[in-house]
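# Examining the three-dimensional arrangement
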Amino acid sequence: MVSPLSGSSGVNGHRVADESLLNDEKSMLGNDPGGMLRATASAGAQVREAAALASEVDLSMLADEGRPRAVVVAGIGTAGLTGSILATVAGPRCPVPIIGHRSAGVPGWVGAADVVIAVSASGRSPEALAAAEAAARRGARLVAIGNPGSDLEALAERARAPFIGVPRRAPARATLWGLTIPVLFAGRALGIAKLAEADIAETATRLDADAERCRPGADSFVNPAKELALGLAGSVPIVWGSSPLATVAARRFADTLAANARYPVMAGALGEAGRGRVGLLDGVFGGLAEGSRDIFADPDEDTDESVTRLRLVVFRDGGLNPEDDADEPVAVEERRADAIQTIADRRGVRCDVLTAEGGSTLERLASLVAVPDYASLYLALAHGLDPMAVPAISEMKELSNPIADDLR
Ligand SMILES: O=P(O)(O)OC[C@H]1O[C@](O)(CO)[C@@H](O)[C@@H]1O
């Protein structure tokens, strides 16, 4: 029997995206048996619910021993991304290093002076469990976040550490906001991240508004997520972020495009790409592919599917406050973002631009995550793929699990 958390038609799909599959809401919902569209639409509700649940947990013991030497956020996949979000919200002047740890256990130097935040949507990833265990063993302050009633909760209980339960109603990647808010609460309790109630409320409102704009019933000409998905169809997407905040969103888009739509994506910081990977725009999938195209043809009408092309997506931040004393002035980031658009344009490489909006770091991040999250689902659906199914990931777990191996 197919479990409600695993799809069933992951390997059936069409090589060429079919826009008509995005036109009929009812059949689209039928092609999403796991309810990923619905789960993604709950982002705003996740923020509110997680904030309510986190505020019921006494996190004061985290701050009892004063400012930690370092904060380690341990978890894999979406849970791991919450560490990057905490670092972004804490900002470039955060006095405490925030280290994301995406493998089992914790770094060798972690000890009593440090804090470990172990995150796992299921509450049973070996990485987060091993991190929580190691933190308790080494006397580090621990807070665990994840599925209520899970092994992670039991472990936190044994370690007398606070646990913030995040109800599990969807796969981890559709629970980003439910996992993120408790991590930010932990950061706030430690005095390293500012998180005003108004920021939380406005972020939830923005996520609701984006869910409305991107709803399945909205046609592609008014639905920014369908438009983004159809533009990416058949391409190799490259997603670059203009700032650290925008780069977190870019990496998130790479994760969801890979997991939901099964597209290979390159993502990263535009600053770093500008010193290296930007050269891709001159290569076989970039300028060379575009050079073979009829220059008078409408780029959006181009139907030559035998040519694989890059499609650039630039996430622009612009910063909350240009006077911020971040390491890099906002003006430099802005010039770089303008430059990449010009360079793409000169080579005929098509480019989508998303610009952050909102009055807080959290809301700005949400504004760069919401539409792309939906786009990854629409791209899957346009290819006839069940966005929830992850057969290769399941096989990977099965084949690499030593217990399963012994039983064979
Ligand atoms: O948050 P969890 O349940 O620990 O899962 C970690 C990661 O493992 C996966 O379930 C894949 O195995 C991802 O979807 C997820 O982000």
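Here the residue index of a chain counts from 1 through its sequence in written order. Local features in this predicted model are restricted to residues whose pLDDT is 70 or higher, and side-chain atom pairs enter the listing and the counts only when it is 80 or higher, whereas totals over whole chains, interfaces and linings include all residues. In computing side-chain values, all of the structure's heavy atoms are included and hydrogens and water are not.

### Considering the site of the ligand
Around the ligand, the surrounding shell consists of Ile76, Gly77, Thr78, Ala79, Ser120, Ala121, Ser122, Ser125, Ala172, Ile393 and Lys397. Between the ligand and threonine 78, the relevant distance is 3.0 Å, taken from an oxygen atom to a main-chain nitrogen or oxygen of the residue. Residue exposure ignores everything except the shown protein chains as possible cover, and the areas themselves are Shrake-Rupley values with a 1.4 Å probe. Relative to its unbound accessible area of 380 Å², the ligand is 80% covered by the protein chains. Runs of H or I in DSSP of at least four residues are treated as helices and runs of E of at least two as strands, each being numbered from the N terminus. Secondary structure elements with two or more residues in the shell around the ligand: helix 5 (78-90) and helix 16 (391-400). Lys, Arg, Asp and Glu make up the charged group, whereas Ala, Val, Leu, Ile, Met, Phe, Trp, Tyr, Cys and Pro make up the nonpolar group; the residues left over, Gly among them, are polar. A per-class count over the shell around the ligand returns five nonpolar, five polar and one charged. The near set for a molecule or strand comprises every residue that places at least one heavy atom within 4 Å of it. In protein, a polar contact means a hydrogen-donor-capable atom and an acceptor-capable atom, both N or O and within 3.5 Å, with residues adjacent in sequence counting only if both atoms are side-chain atoms; elsewhere, any N or O pair within 3.5 Å suffices.

### Observations concerning the sheet that holds strand 1 (residues 71-74)
The parallel open sheet is built from five strands, whose spatial order is 2-1-3-4-5. Every other strand in the sheet has two partners, leaving strand 2 (98-101) and strand 5 (163-165) as the edge strands with one partner each. Strand after strand, the sheet turns through a mean of 15 degrees between neighbouring axes, direction not considered. Strand pairing is assigned whenever DSSP detects at least two bridges linking the two strands. Bridge analysis of strand 4 (residues 141-146) against strand 5 gives three bridges, and the strand direction is parallel. Pairing of alanine 144 across the sheet is with phenylalanine 163, part of strand 5. By definition, residues are in contact when any of their heavy atoms lie within 4.5 Å. Every axis in this analysis is a line fitted to C-alpha atoms, fitted for helices over the stretch in contact. Angles between the N-to-C directions lie between 0 and 180 degrees. Along the sheet face, helix 6 (residues 126-137) touches strand 1, strand 3 (115-120) and strand 4 and points at about 155 degrees away from the line of strand 3.

### Remarks on the sheet that holds strand 9 (residues 351-355)
Spatially, four strands are ordered 7-6-8-9 in an open sheet, and the strand pairing comes out parallel. Strand pairing shows two members of the sheet lacking a second neighbour, strand 7 (266-269) and strand 9, which therefore form its edges. Taking the axes of each pair of neighbouring strands and ignoring which way they run, one obtains an average angle of 15 degrees across the sheet. With seven bridges connecting them, strand 6 (residues 235-241) and strand 8 (residues 309-316) associate as parallel partners. Counterpart to glycine 241 in the pairing with strand 8 is phenylalanine 315. Across the sheet, helix 10 (residues 224-232) is in contact with strand 6, strand 8 and strand 9; its angle to strand 8 comes to roughly 145 degrees.

### Details of unusual backbone geometry
Located in the positive-phi region is arginine 160, a residue other than glycine, with phi close to 55 degrees. Relative to the assigned elements, arginine 160 resides in the loop between helix 7 (151-158) and strand 5. Although it is not a glycine, arginine 262 adopts a positive phi angle of roughly 60 degrees. When you line up the elements, arginine 262 lands in the loop between helix 11 (244-261) and strand 7. You can call arginine 262 partly exposed: its relative accessible area is 30%. Burial classes: relative accessible area under 20% of the type maximum marks a residue as buried, over 50% as exposed, and values in between as partly exposed (1.4 Å probe, protein chains only).

### Here's the deal with the domain arrangement of the chain
Under the domain assignment used here, the chain contains domain 1 (19-36 + 210-390) and domain 2 (68-191). Domain boundaries shown here were taken from an automatic or database domain assignment. Here the C-alpha centroids of domain 1 and domain 2 sit 29 Å apart. Taken together, the contact between domain 1 and domain 2 spans 17 residues of the former and 15 residues of the latter. Buried area adds together the accessible area that both of two parts lose upon being put together, with accessible area traced by a 1.4 Å probe. Interface of domain 1 and domain 2: buried area, both sides summed, is about 1400 Å²; carbon and sulfur atoms make up 69% of it. When the area that domain 1 buries against domain 2 is broken down by residue, the three leading residues are Val248, Arg252 and Leu362, summing to 36%. When a carboxyl oxygen of Asp or Glu is within 4 Å of a side-chain nitrogen of Lys or Arg, the pair counts as a salt bridge. Summed over the shared surface of domain 1 and domain 2, the number is zero salt bridges.

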